[in-house]
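Secondary and tertiary structure notes
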Amino acid sequence: MSLPEPTEAESPAEKPMPKPWSYRIATIQGIPIYLHFTFLLLLIFFAIGSFGGERPDYSAANLIFVLVLFACVVLHELGHSLVARRYGIPVSDITLYPIGGIARIEKQPTPRQELWIALAGPAVNFVIAGLLIVYLAVIGQARTPEIATAVIGRHFWALRVLSVNLILGLFNLIPAFPMDGGRVLRALLAMRMPFDRATAVAANIGQILAMATGFLAIVSNQWMLLFVALFVYMGAGQEVVVARQEVLMKDVAVKEAMLTDLRTLPHGATFRQAAEALLATSQHDFPVVMGDEVIGLLSRDSMLRGMAAEGPDAYVASHMNREFLKARPEDGLSDFLRKMQIQPGPALVFDGEKLAGMVTTENLMEFLMIRQIEAETHPAA
Ligand SMILES: [Zn+2]
């Protein structure tokens, strides 16, 4: 059974959208599994191929094969997720993209934890492959090699699933971000050096591998491979940025980065008053209060949409968002940023019941820039 559904907001425009462009297909062990819409396009592509193809049986088998393949990808991601959970790290979701799956965890693990979490995914593929080898060995036990070959021939699907799992396991162990091997390498390095340094070294190795692959792809005219190389190259750069942020935010509390000079709107405010506040301040989002209690958050988009739909004299309460991200002043900033990446938009910070401040993407970026300069000018600090 799943958890009770979150309470619906009044207006459809205000429905919380935890994951845009994705459909939830299942929940396993409390972890929601999403299909990204680009993945649906891939399935449709195969489905069209299977019904319009010249050899329909063969293509229908292909469609089933793709589904089995992605079941293996889900199991791979569950491998990461369940090990993360064993270490007490919450897993927010697993999302399937055409290029593979991503399990999102809400906290940066220690190097030792990251090592085991990263290894758990490929390990799942090797276990599946191992089970299929045992299966084929058992059914292939026959007196003559001819009969054995014939029996295994009829279980061609098992051979295909077996090889695909071997490829998945091995491919993911390539020591380059965003593959698991990149994380394994970083974890091993981070046991001996600072985390951001370890990430930079691992990312460099990954980028060199990607460049070599890209070169190989160009001289051999393998455009798909070039695409993979580009993807790996960019993934490595992204990882360095994330690691740098992680280090800059280490041991920093939310209260140090929050906006405290904050304008609120009374719940009886009209869109006209909200628009005046929008122009008069640099704020884009306004907490809506009733007395001392915060009852919602009005974003600039909702404000403009509401104003267009209902006119400037309508009340903001009809279009404010009642489901917004919340934090406490003493929460860790880096864990909080991960939450913000999952549920984008500003967050309100509450000291007990009292509104203490707001965190937006812009002021977080400003905070990081300042920390970066501080770190460069006073490296010892
Ligand atoms: Zn993986």
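In this report, we go over the structure that sits alongside the text. Sequence order as written defines residue numbering, which begins from 1 separately in each chain. A pLDDT threshold of at least 70 governs which residues receive local features in this predicted model, and a stricter bar of 80 or more applies before side-chain atom pairs are shown or counted, although totals over entire chains, interfaces and linings include all residues. The basis for every side-chain value is the complete set of heavy atoms in the structure, and neither hydrogens nor water enter the calculation.

1. Concerning the pattern of salt bridges
Salt bridges are defined by distance alone: a side-chain nitrogen of Lys or Arg within 4 Å of a carboxyl oxygen of Asp or Glu. Tallying each qualifying case throughout the model produces eight salt bridges. The shortest N-O distance in the salt bridge between arginine 186 and glutamate 239 comes to 3.6 Å. Of the two residues, arginine 186 is situated in helix H6 (residues 180-190) and glutamate 239 in helix H8 (residues 223-248); the sequence distance between them amounts to 53 residues. Any residue under 20% of the maximum accessible area for its type is buried, any over 50% is exposed, and the rest in between are partly exposed; the area is computed with a 1.4 Å probe on protein chains only. With a relative accessible area of 2%, arginine 186 lands in the buried category. In this structure, the salt-bridge partner of aspartate 196 is arginine 244, at a minimum N-O distance of 2.9 Å. Taken together, the residues span a long stretch of sequence, with aspartate 196 in helix H7 (residues 195-219) and arginine 244 in helix H8 at a distance of 48 residues. Since its relative accessible area comes to 22%, aspartate 196 is described here as partly exposed. The exposure class assigned to arginine 244 is partly exposed, which follows from its relative accessible area of 27%. By definition, any uninterrupted DSSP run of H or I lasting at least four residues is a helix, any uninterrupted run of E lasting at least two residues is a strand, and each is numbered from the N terminus.

2. Quick notes on the sheet that holds strand S7 (residues 293-298)
Pairing between two strands is assigned when DSSP locates at least 2 bridges connecting them. The sheet built from three strands is open, its strands ordered S5-S6-S7 with mixed pairing. What marks the edges here is a single partner per strand, and that holds for strand S5 (265-266) and S7. As paired strands, strand S6 (residues 286-290) and S7 are joined by five bridges and run antiparallel to one another. Its bridge partner lying in S7, valine 289 is registered against valine 294.

3. Things to note about H6
Counted residue by residue, H6 has nine buried out of 11 residues, so it is predominantly covered. Of the positions making up H6, those classed as buried are Asp180, Gly181, Gly182, Val184, Leu185, Arg186, Ala187, Leu189 and Ala190.

No statement about biological role is implied by the geometric values presented.
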